[in-house]
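So the chains spell out like this:
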Amino acid sequence: MKKVMVFMMLLLSTSLAMAQFGDLEEIIKKAESEKSGEQMPDKPNTPDKPNNYSPSMSLSLFDNAIKDGFYLIKQEYRLEDVNVPGSRYNREGLDYFGVKMSFVLKMKNGNLTTLDILKPWDYDENFNDYRGGQYVPHLSRTSFAKVGGQGWKVEDNFYEPKNELDEEKDMVYEKVSESQAGFSASKAIGQKEVYVVWIACEGGTSGLLEAKSLRFVTKKLEMDFQKKQKKYDIPADSKPADAVCAIVVEPIFSVGQIELAVVGVVNAFDEIEMDEGYQCILLKHVLGDSEAVSSDTSLSPSEGDVPNKKGGKSSKK
């Protein structure tokens, strides 16, 4: 797939039967095995060894459909002496004074990230001794890293959104003037089968400065979504040890394709590993229902003529 489609569509081959639409993981595995000419082993799930993880999906289907819409961002900054315009100072032999890393989630009408990325110095203890003094911070480099890429790729421009940002605590949503290729938000009402899609990095958070080996890891969950609840707990055992952030997606099925609508985001960058797990922030409360889609369908009457019992058309009076 050459580009991320508006709803991040996973196009299925015609060899996939409609009866398989109940399990996204099995669809992905079968599509990958058919493409490579391999046969999938018949190994049903067992209570002691559930088949919930998919750590080794190739980039030919699932990853390619999602990698340009969910990836990592790194923001570096340096200090300037206000008495010496244009001067730049780093810290302890590094090529930056401070750095923050997070994720970017592309939606069809904007980009979602975390507040600390916009002004990383506000969240850096190393800058505390310089606040309010003669040294002021300036962004020095913006980089992105994607699954399947070769580590961090430096951008020509800094990530400095100029338009107004909508904030939800530590989450920010930068609206774009025109629709772009990206996810839609899921309304996620009621009992749903969803997938937690983690970005995992070799070495976990300690390996992020290089980010040479990123991959997606998925875990299937059953969740019950209520209308007014904004956050939901994600079990600690659903997070791989080297994962750093995640999105929760709901597969929406139609003939010949699957659309992945984002239910929420899980930011584990600065969280301490705890027994109770992590929290998923629902996007519909950050973005509003106007950008949300639902897997629920309903029928509406046709405006055309209704056939009568003999196969003809009913008369209009």
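Residues numbered from 1 in each chain as written. Predicted model: local features only at pLDDT ≥ 70, side-chain atom pairs only at ≥ 80, totals over all residues. Heavy atoms only, no water.

Peer 1: I'd like to hear about the environment of I117, residue by residue, with values.
Peer 2: Among the structural elements, I117 can be located in the loop between strand 4 (110-114) and strand 5 (135-145). Taking C-alpha positions, I117 is 6.9 Å from S102, a pair spaced 15 residues apart along the chain. Sequence-distant contacts of I117, that is, excluding residues within four places in its chain, are made with I73, Q75, K100, M101, S102 and Y159. (Helix = DSSP H or I, 4+ residues; strand = E, 2+ residues; numbered from the N terminus. Contact = heavy atoms within 4.5 Å.)

Peer 1: Explain the sheet that holds strand 2 (residues 70-81) to me, using residue names and the numbers behind them.
Peer 2: Within the open sheet, the seven strands sit side by side as 6-5-2-3-4-8-7. Their pairing is antiparallel. The strands lining the two open edges of the sheet, one partner per strand, are strand 6 (153-154) and strand 7 (165-168). One ladder, built from four bridges, connects strand 7 with strand 8 (residues 171-175); its direction is antiparallel. In the sheet register, E167 faces strand 8, and the bridge partner there is V172. (Pairing = 2+ DSSP bridges.)

Peer 1: For unusual backbone geometry, give the residues involved together with the corresponding values.
Peer 2: With phi around 50°, E92 is a residue other than glycine that occupies positive phi space. Along the chain, the position of E92 falls in the loop between strand 2 and strand 3 (98-107). A positive phi angle, near 45°, is found at A188, a position not held by glycine. With a relative accessible area of 3%, A188 lands in the buried category. (Buried < 20%, exposed > 50% of the residue type's maximum accessible area, 1.4 Å probe, protein only.)

Peer 1: Outline the nonpolar core, supporting the account with residue identities and numerical values.
Peer 2: In terms of nonpolar packing, the biggest core is built from 37 residues, with L72, L105, I247, V265 and L283 touching the most fellow members. Discounting chain neighbours no more than four positions away, the residues touching L105 are G69, F70, G110, N111, L112, F183, I247, V262, V265 and L283. (Core = buried A, V, L, I, M, F, W, Y, C linked by side-chain atoms within 4.5 Å.)

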